[in-house]
Structures are given as C-alpha cells and as structure tokens.
Amino acid sequence: MKDRYSIVGPFYDLMSVIYSFNQIDKCKTAMLDKIKPDSNVLFAGVGHGIDAIAAAQRGAKVTVVDLSATMLKRFNKGIEKKTFKHPIRQLHQNILEIDEFSKYDMVFANFFLNVFPEKMMIQVLSLLTKLAKKDGFVVVGDFSLPKGNLIAKFFQILYWRMADLFFVIAAKNALHPVYDYQKYMRELGLKIKKVKYFRMLFDDRYYSILGQK
Ligand SMILES: C[S@@+](CC[C@H](N)C(=O)[O-])C[C@H]1O[C@@H](n2cnc3c(N)ncnc32)[C@H](O)[C@@H]1O
C-alpha cells in the first residue's frame with residue numbers, strides 16, 4: 001500500500017509547530033499526567049510521537065500504531081539514544097486490524113481521527129473505545145468545535161479548512177467540517193471527564209478530551 005505520508009511525513013511535526021505556535025504539541029501532551037507507570041497505553045496514528053515518547057518516559061508500557069513507514073521512521077529517530085523502563089512496541093499496521101480488546105488503560109487519538117471521513121472516523125473511535133479496558137480512558141486531541149460569534153467561528157472554520165485542504169492534497173485525508181468529538185464519544189458510552197482547550201490568536205483552536213469507559 002502507498003505511504004500517504006511519504007512527502008509530508010518528514011516535516012509533519014515542524015509544520016504543526018509553525019502552524020499552531022506549538023499549541024498542537026501542548027494539546028497532544030495535555031493528558032499525560034493521567035498515565036500511571038507500568039500501565040498499558042496505546043497511541044493510534046502515532047506520527048513522530050512526542051506524546052508516546054513522553055508516556056514511555058513516565059514508565060508506561062507503550063504501544064504505537066501507524067500505517068506510514070515514513071512516520072514510523074521519524075518516530076524511531078525520536079527514540080534513538082533514549083532508554084525506557086519498557087521498550088516501546090511498534091505496530092506498522094492499519095488501526096482497524098488491531099483486536100487487542102479491553103487491553104489498554106489509556107488509548108490516545110491525537111490529531112488522528114480527523115484524517116477519516118465521518119463514517120470511518122466513528123468506526124475507528126468505536127474500535128479505540130473497545131481497545132480500552134473497563135474504566136480505562138480514551139483521549140482525543142484535535143481541532144476544537146468552532147464557537148463564539150459569527151466572525152470568530154468564520155476564522156476558526158477557515159483555519160481548519162486550510163489545514164484540511166492541505167492534507168487532502170498532500171496525504172489524501174478526508175475533506176470534512178470540524179467534528180464534534182465530544183458528541184461521538186458520549187454516543188459511544190464514554191463519560192467526558194475533562195476537556196483542556198488550547199488557544200491561538202484570539203480563541204480556542206484545539207482541545208484534548210478525556211473520556212472514560
Ligand atoms: C495527522 S497525523 C497525526 C500524527 C500524530 N498523532 C500527531 O498528533 O502528530 C495522522 C497519522 O495517522 C496515521 N494513519 C492514518 N490512517 C491510519 C490507519 N488507518 N491506521 C494507522 N495509522 C493511520 C498516519 O500515517 C499519520 O501518521
């Protein structure tokens with residue numbers, strides 16, 4: 001299968017730092033304080049994986065999944081010369097092939113669900129929920145739902161559309177409006193325990209949502 005991130009993959013994290021003034025990285029790592037040493041933690045669509053690396057540094061048993069060899073190559077660069085209590089398990093696979101049900105204490109989907117068209121996004125989120133243990137957590141970090149007055153909403157939608165369009169062209173991601181992840185998480189039976197917002201310019205642009213099974 002063609003690696004859709006072969007062109008943008010090497011620059012992905014640099015682009016996200018510039019595009020968000022580093023707020024995306026803050027969002028991705030916002031719920032790491034919930035991680036307990038020796039707990040099982042999964043990162044779906046890990047990319048360069050600063051979040052997964054930080055989780056392993058906290059002593060968690062980390063599994064990362066990504067379909068892109070380019071992204072996993074960058075991930076491996078990031079762990080060069082680092083040692084962890086538990087070595088990071090890497091799966092070069094489609095997330096839909098993962099069937100380790102009720103195994104994980106925490107499942108992270110950071111800027112991952114937005115790559116899919118709506119129907120598939122719900123299918124993936126439903127699978128991630130099944131991979132979490134009873135009482136385990138599912139964390140979604142992503143673009144937050146536009147809010148505020150008409151002008152504020154206009155700029156938030158424009159901001160998302162610019163990124164979406166770029167990745168539609170560069171990585172064949174889906175073209176869609178900002179998803180209401182909290183709604184889908186609730187519909188899948190997750191209880192929303194915490195939401196942390198990250199601002200850029202004048203308003204909230206990203207959020208990290210902590211859902212509990
Ligand atoms: C937008 S990037 C986000 C990467 C990372 N989570 C971050 O926040 O920087 C989406 C990632 O999901 C991976 N991906 C896309 N579809 C996938 C699938 N079906 N299974 C596993 N990984 C997938 C891509 O290769 C890419 O690394």
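Residues numbered from 1 in each chain as written. Predicted model: local features only at pLDDT ≥ 70, side-chain atom pairs only at ≥ 80, totals over all residues. Heavy atoms only, no water.

What follows deals with the overall build of the protein. Scanning the protein for helices and strands turns up 7 helices and 7 strands. When the helices and strands of the protein are listed from N to C terminus, the series reads α-α-β-α-β-α-β-β-α-β-α-α-β-β. Taking 17 Å as the expected radius of gyration for a compact globule of 213 residues, we find that the protein reaches 16 Å, a close match to that expectation. Each principal axis of the C-alpha distribution contributes one length, and for the protein these read about 50 × 35 × 30 Å. For the protein, the residues scored as buried account for 54% of the 213 residues in total. A sequence separation of at least 24 residues applies to 67% of the contacts in the protein between residues at least 6 apart. About 10600 Å² of surface is accessible on the protein, with carbon and sulfur atoms providing 61% of the total. Each charge sign in the protein was given a centre, from 33 positive and 20 negative side chains, and these centres are 3 Å apart. (Helix = DSSP H or I, 4+ residues; strand = E, 2+ residues; numbered from the N terminus. Rg over C-alpha atoms; globule rule 2.2 N^0.38 Å. Buried < 20%, exposed > 50% of the residue type's maximum accessible area, 1.4 Å probe, protein only. Contact = heavy atoms within 4.5 Å. Areas by Shrake-Rupley, 256 points an atom, 1.4 Å probe, with all protein chains shown as cover. Lys, Arg positive; Asp, Glu negative; His and termini not counted. Charge placed at Lys NZ, Arg CZ, Asp CG, Glu CD.)

Here the focus is the pairing of strand β6 (residues 191-200). Each regular strand carries side chains that alternate between the two faces of the sheet. Sheet topology places β6 next to strand β7 (residues 203-212); 9 bridges connect them, and they run antiparallel. Residue pairing across strands places K194 opposite L210, the latter belonging to β7. The hairpin turn running from β6 into β7, its antiparallel successor, is 2 residues long, and L201 in that turn takes a positive phi close to 55 degrees. (Pairing = 2+ DSSP bridges.)

This brings us to the packing of aromatic side chains. Counted by the stated rule, this structure contains 18 aromatic pairs. With a centroid separation of 5.9 Å and 65 degrees between ring planes, the pair formed by F111 and Y206 is classed as edge-to-face. Taken together, the positions of F111 in the loop between β4 (104-110) and α5 (118-131) and Y206 in strand β7 put the pair 95 residues apart, joining distant regions of the chain. Like F111, the residue Y206 is buried in the burial classification. Among the aromatic side chains, those forming a connected cluster through ring pairs are Y19, F111, F143, Y159, W160 and Y206. (Phe/Tyr/Trp six-rings, centres within 6.5 Å; stacked < 30°, edge-to-face > 60°.)

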